[in-house]
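# Examining the three-dimensional arrangement
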Amino acid sequence: MMQREEAGKSRFLRLLRDVLLVTAGSLIYALGFQFFMYPNAIVTGGVTGISMIINYLSGFPVGIATILMNIPLFLFSWKRFGLRFILLSLLSMVLCSVFVDLLAALNLTATGNPLLGAIYGGVIHGFGMGVVYITGATTGGMDIVAKFLRHRYQHINFGTIILGLDVAVIAAFALIFHRYESAMYAMICMYITTKVVDLVLYGAVNSKVCYIIADESGAIKEAILQRLGRGATLLRGEGAWSGREKEVLLCVIKQRQIVELKRLVKELDPSAFMIVSDSREVFGEGFRYIGSD
């Protein structure tokens, strides 16, 4: 009974946290749109952009078109992602609309410069979207399509998928109505938005993957363990030209430790061959818990 109560309390606290995050993210999303993008006529992508195209061609209301297009998307995602996803995404979609209308009543404009509007609007807009996405929800529309594609193609970042979908809509808008300058600013804004979304979701690159091929691999391994406090894995290799067996040290370290690692490798084996590459996500001891997402 006690365990059941604790589990129920934990689920409630998580739901409360997600609702607060969705609310905060939706408000930030609306701030970026209303104060930076809308005053500078920066076209949005996704379902809203498609609704704008329909409105210009037929006069059909943007709001009603957006809702009608969202209905099948939500029904489809209900089966695919569950009721919790639907409710949080609906909450986000409603709050975004409400906050946009409330902020519009203030009649404030942060800047009349389209370039500044695209840059700062993209940063704020993207940060708000990223906060919503942390909960597993979306802001509706093309975000649902992006979430489905992300499940199918997990090697592609969420923000990159959104960028591709938005670019297609914005390009169609520009070609149909010959509003190329507005589309150019929109492309800048969407690119920044996706980068900020990925930064919020995946974090900055703060880890490095290092491969070290050296005659003194044993000494380097001990130095990594003792001086850096990091683990290492020994891989067995063979020189393609010499045919000699070699040991390859594989280790993952924090970005701030890369200078110290290079120094100790140079100190212990100046002729060592070292490859360093970025690692976006690292799970395990000393890094993030694998169940943190």
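Provided above is the structure to which this section pertains.
Quick look at the structure, then. (Residues numbered from 1 in each chain as written. Predicted model: local features only at pLDDT ≥ 70, side-chain atom pairs only at ≥ 80, totals over all residues. Heavy atoms only, no water.)

### Focus on the overall build of the protein chain
Across its full length, the protein chain holds ten helices and four strands. Secondary structure elements of the protein chain, listed N to C terminal, follow the sequence α-α-α-α-α-α-α-α-β-α-β-β-α-β. Looking at the protein chain residue by residue over its 293 residues, the buried ones come to 39%. Contacts in the protein chain between residues at least 24 apart in sequence constitute 73% of all its contacts with a sequence separation of at least 6. As displayed, the protein chain offers around 16,600 Å² of accessible surface, 62% of which is attributable to carbon and sulfur atoms. (Helix = DSSP H or I, 4+ residues; strand = E, 2+ residues; numbered from the N terminus. Buried < 20%, exposed > 50% of the residue type's maximum accessible area, 1.4 Å probe, protein only. Contact = heavy atoms within 4.5 Å. Areas by Shrake-Rupley, 256 points an atom, 1.4 Å probe, with all protein chains shown as cover.)

### Digging into the environment of arginine 230
Checked against the element boundaries, arginine 230 lands in the loop between helix H9 (217-228) and strand E2 (233-238). A relative accessible area of 13% places arginine 230 in the buried class. C-alpha of arginine 230 to C-alpha of isoleucine 253: the two residues are 23 residues apart in sequence and 6.9 Å apart in space. Separated by 3.2 Å, the side chains of arginine 230 and glutamine 257 make a polar contact. (Polar contact = N/O pair within 3.5 Å; in protein donor to acceptor, adjacent residues only side chain to side chain.)

### As for the nonpolar core
Ala30, Met37, Ile42, Ile170, Ala186, Cys189 and Met190 are the most contacted members of the largest nonpolar core, which totals 25 residues. Contributions of two or more residues to this core are made by helix H1 (2-37), helix H4 (83-104), helix H5 (114-134), helix H7 (158-177) and helix H8 (180-202). Looking at this core element by element, the count peaks at six residues for H1. Beyond its immediate chain neighbours, meaning those up to four positions away, isoleucine 42 contacts Phe36, Met37, Pro114, Gly117, Ala118, Ser182, Tyr185, Ala186 and Cys189. Membership of the second largest hydrophobic core comes to 18 residues, among which are Met129, Ile144, Ile161 and Val197. (Core = buried A, V, L, I, M, F, W, Y, C linked by side-chain atoms within 4.5 Å.)

### Observations regarding the layout of surface pockets
When its volume is computed, the largest pocket comes out at roughly 1,000 Å³. Lining the largest pocket are 41 residues, and of these Tyr29, Phe33, Thr44, Thr48 and Thr66 lie nearest its centre. At the level of elements, H1, helix H2 (46-58), helix H3 (62-81), H4, H5, helix H6 (142-152), H7 and H8 are the ones that each hand at least two residues to the lining of the largest pocket. Of the residues forming the lining of the largest pocket, the biggest block, seven residues, is contributed by H4. (1 Å grid on protein atoms, 1.4 Å probe; cavity = no way out; pocket = protein on both sides within 12 Å on 5 of 7 lines; lining within 4 Å. Points joined across faces, edges and corners; volume = space filled by probe spheres on them.)

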